[in-house]
Amino acid sequence: MEQQADHGHQLGLPVLYTFRRCPYAMRARLAIVAAGLKVEVRELVLRAKPAHMLEISPKGTVPVLWLPDGTVIDESLDVMRWAVGQNFPADWLVPNAEQQQQCDEWIALLDGEFKRNLDRYKYPHRYHVKTDTDAYTCDPLEHRAVCEEILAQWNAVLVQNGPWLFGANPSFADFAILPFVRQFRIADEAWFDAVPGYDALKLWLHSFLASPLLEQAMVKYTPWQPGDTPLTFPG
C-alpha cells in the first residue's frame, strides 16, 4: 500500500504525530517519557498538517499515535493510558478506586470548564461576536476568574497533600493537568507570578517546569516531511 511505502513504521516503533507547544500533545509525550518508551516522532506545523495524519485521524488534532498493528489512538488521555499500560512509571502513584475517581473528576473539569475558559482568556479575539455597538463580547478577565476558581481548588488539595495532588508521588492526574496550568501562566506570566494565594500551586507548577521529565518531553524537532529520516522520541 502507498500508505505503508511512504509513511510506514520504518523503525518498527509506534509513530507519534505531535506539536511541541500543544498541551494535549505535551501530556501524551510526558507519559511516553515517564513510561520509558520510544516512538518515531513526527513534529508538525498546525497550518500544514500532513496528509497521512489526516488520513488516519480525520479530526486533525494532535496527538495521534499510530501503532505498528495499524491501531490509531488520537485522544491525548488514551495515549497516556496506552503508555502507562505498556510500562507503568516506577515513581508514579498507583491509584486506588477513590483516587482514580478523583483523578477522572479533575481531568473532566480541566478538559471541560477550565479549558473552555482558558481558551477565552488566552485568545479572546477568537471568541468576540460582532454587535451593533462593536462592543467586545469576550472579556478575558471574566474567563481568567473562572480558571482561578478551579486553580484554587487544586491549590487547596496541594496545601493538604503536597507536593503532588495525591501526596509524595506524582500521578497520572498531575501530568494530565500541569501542561494546561503551564498554559494559563504563559498567558500573563508577570500577573500569575505576582498574584497571591496560590503558593502551593505555584510550587507544584515550578517544580514541573524545572523537571527533567518536562525537559525531555519538550525537545525541539524540525517539522516532519514525507521522506525524512525517521527520528525517535525521546531522542
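Our subject in this report is the structure included herewith.

Analysis parameters
Residues numbered from 1 in each chain as written. Predicted model: local features only at pLDDT ≥ 70, side-chain atom pairs only at ≥ 80, totals over all residues. Heavy atoms only, no water. Helix = DSSP H or I, 4+ residues; strand = E, 2+ residues; numbered from the N terminus. Rg over C-alpha atoms; globule rule 2.2 N^0.38 Å. Buried < 20%, exposed > 50% of the residue type's maximum accessible area, 1.4 Å probe, protein only. Contact = heavy atoms within 4.5 Å. Areas by Shrake-Rupley, 256 points an atom, 1.4 Å probe, with all protein chains shown as cover. Lys, Arg positive; Asp, Glu negative; His and termini not counted. Charge placed at Lys NZ, Arg CZ, Asp CG, Glu CD. 1 Å grid on protein atoms, 1.4 Å probe; cavity = no way out; pocket = protein on both sides within 12 Å on 5 of 7 lines; lining within 4 Å. Points joined across faces, edges and corners; volume = space filled by probe spheres on them. Nonpolar A, V, L, I, M, F, W, Y, C, P; charged D, E, K, R; others polar. Pairing = 2+ DSSP bridges. Axes fitted to C-alpha atoms, helices over the stretch in contact; angles between N-to-C directions. Parallel < 35°, antiparallel > 145°, perpendicular 65-115°, else oblique. Salt bridge = Lys/Arg side-chain N within 4 Å of Asp/Glu carboxyl O.

The helix and strand tally for the protein chain stands at 10 helices and five strands. For the protein chain, the C-alpha radius of gyration of 19 Å lies close to 18 Å, the compact-globule estimate for 235 residues. A total of 235 residues make up the protein chain; the buried ones form 49% of that total. A separation of at least 24 residues holds for 70% of the contacts in the protein chain among residues at least 6 apart in sequence. Accessible surface for the protein chain amounts to roughly 11800 Å². Of this, 52% is attributable to carbon and sulfur atoms. A distance of 6 Å separates the average location of the 21 positive side-chain charges in the protein chain from that of its 29 negative side-chain charges.

The next thing to look at is the layout of surface pockets. Within this model, the largest pocket holds a volume of roughly 620 Å³. For the largest pocket, the lining is made up of 24 residues, of which Cys22, Pro23, Tyr24, Leu46 and Gln183 are closest to its centre. For the lining of the largest pocket, the secondary structure elements donating two or more residues are helix 2 (23-34), helix 5 (97-122) and helix 7 (172-187). Of the residues in the lining of the largest pocket, the class split is 10 nonpolar, four polar and 10 charged. Lining the second largest pocket, in full, are Arg81, Phe88, Leu93, Pro95, Gln99, Gln100, Cys103, Asp104, Phe166, Ser171, Phe172 and Ala173. Counting only elements with at least two residues in the lining of the second largest pocket, the list comes to helix 5 and helix 7. No other element matches helix 5, which puts four residues into the lining of the second largest pocket. Partitioned by chemical class, the residues of the lining of the second largest pocket number seven nonpolar, three polar and two charged.

Moving on: the sheet that holds strand 3 (residues 64-66). Pairing in this open sheet of five strands is mixed, and the strands run 4-3-1-2-5 from one edge to the other. In this open sheet, the two edge strands, each paired with only one partner strand, are strand 4 (72-73) and strand 5 (231-233). As paired strands, strand 1 (residues 15-18) and strand 3 are joined by three bridges and run antiparallel to one another. Pairing of Val15 across the sheet is with Trp66, part of strand 3.

Once that is clear, we can look at the packing of helix 6 (residues 140-161) against helix 9 (residues 199-209). At their nearest, the axes of helix 6 and helix 9 sit 7 Å apart, and the two run at 85° to each other. Put simply, helix 6 runs roughly perpendicular to helix 9. Of helix 9, the residues touching helix 6 (which contributes Leu151, Trp154, Asn155, Leu158 and Val159) are Asp199, Ala200, Leu201 and Trp204. Of the residues belonging to the contact of helix 6 with helix 9, the class tally is seven nonpolar, one polar and one charged.

Right, let's talk about unusual backbone geometry for a bit. In this structure, the amide linkage connecting Val62 to the following residue, Pro63, adopts the cis form with an omega of 5°. With respect to the element layout, Pro63 can be found in the loop between helix 3 (51-56) and strand 3. Following Phe233, the chain continues into Pro234 via a peptide bond in cis, with omega recorded as -10°. Residue position: Pro234 is located in the segment after strand 5.

Moving on: the pattern of salt bridges. For the structure on display, the rule yields seven salt bridges. A salt bridge links Arg42 to Glu40, with the nearest nitrogen and oxygen atoms 3.1 Å apart. Taken individually, Arg42 and Glu40 each receive the classification buried, so the pair is uniform in this respect. Notably, a salt bridge pairs Lys115 with Asp119, separated by 2.7 Å at the nearest N-O pair. Note that Lys115 and Asp119 are positioned in helix 5 at a spacing of four residues, about one turn of the helix. Asp119 shares its class with Lys115; the two are buried.

Moving on: the side chain of Ser57. Assignment of secondary structure puts Ser57 in the loop between helix 3 and strand 3. Look at Ser57 and you get buried, because its relative accessible area is 0%. Aside from chain neighbours lying at most four places away, what touches Ser57 is Val64, Val72 and Asp74.

Looking now at helix 4 (residues 76-86). Along helix 4, the residues classified as buried are Ser76, Leu77, Val79, Met80, Trp82, Ala83 and Val84. Where helix 4 is buried, its residues contact helix 2, strand 3, strand 4, helix 5 and helix 7.

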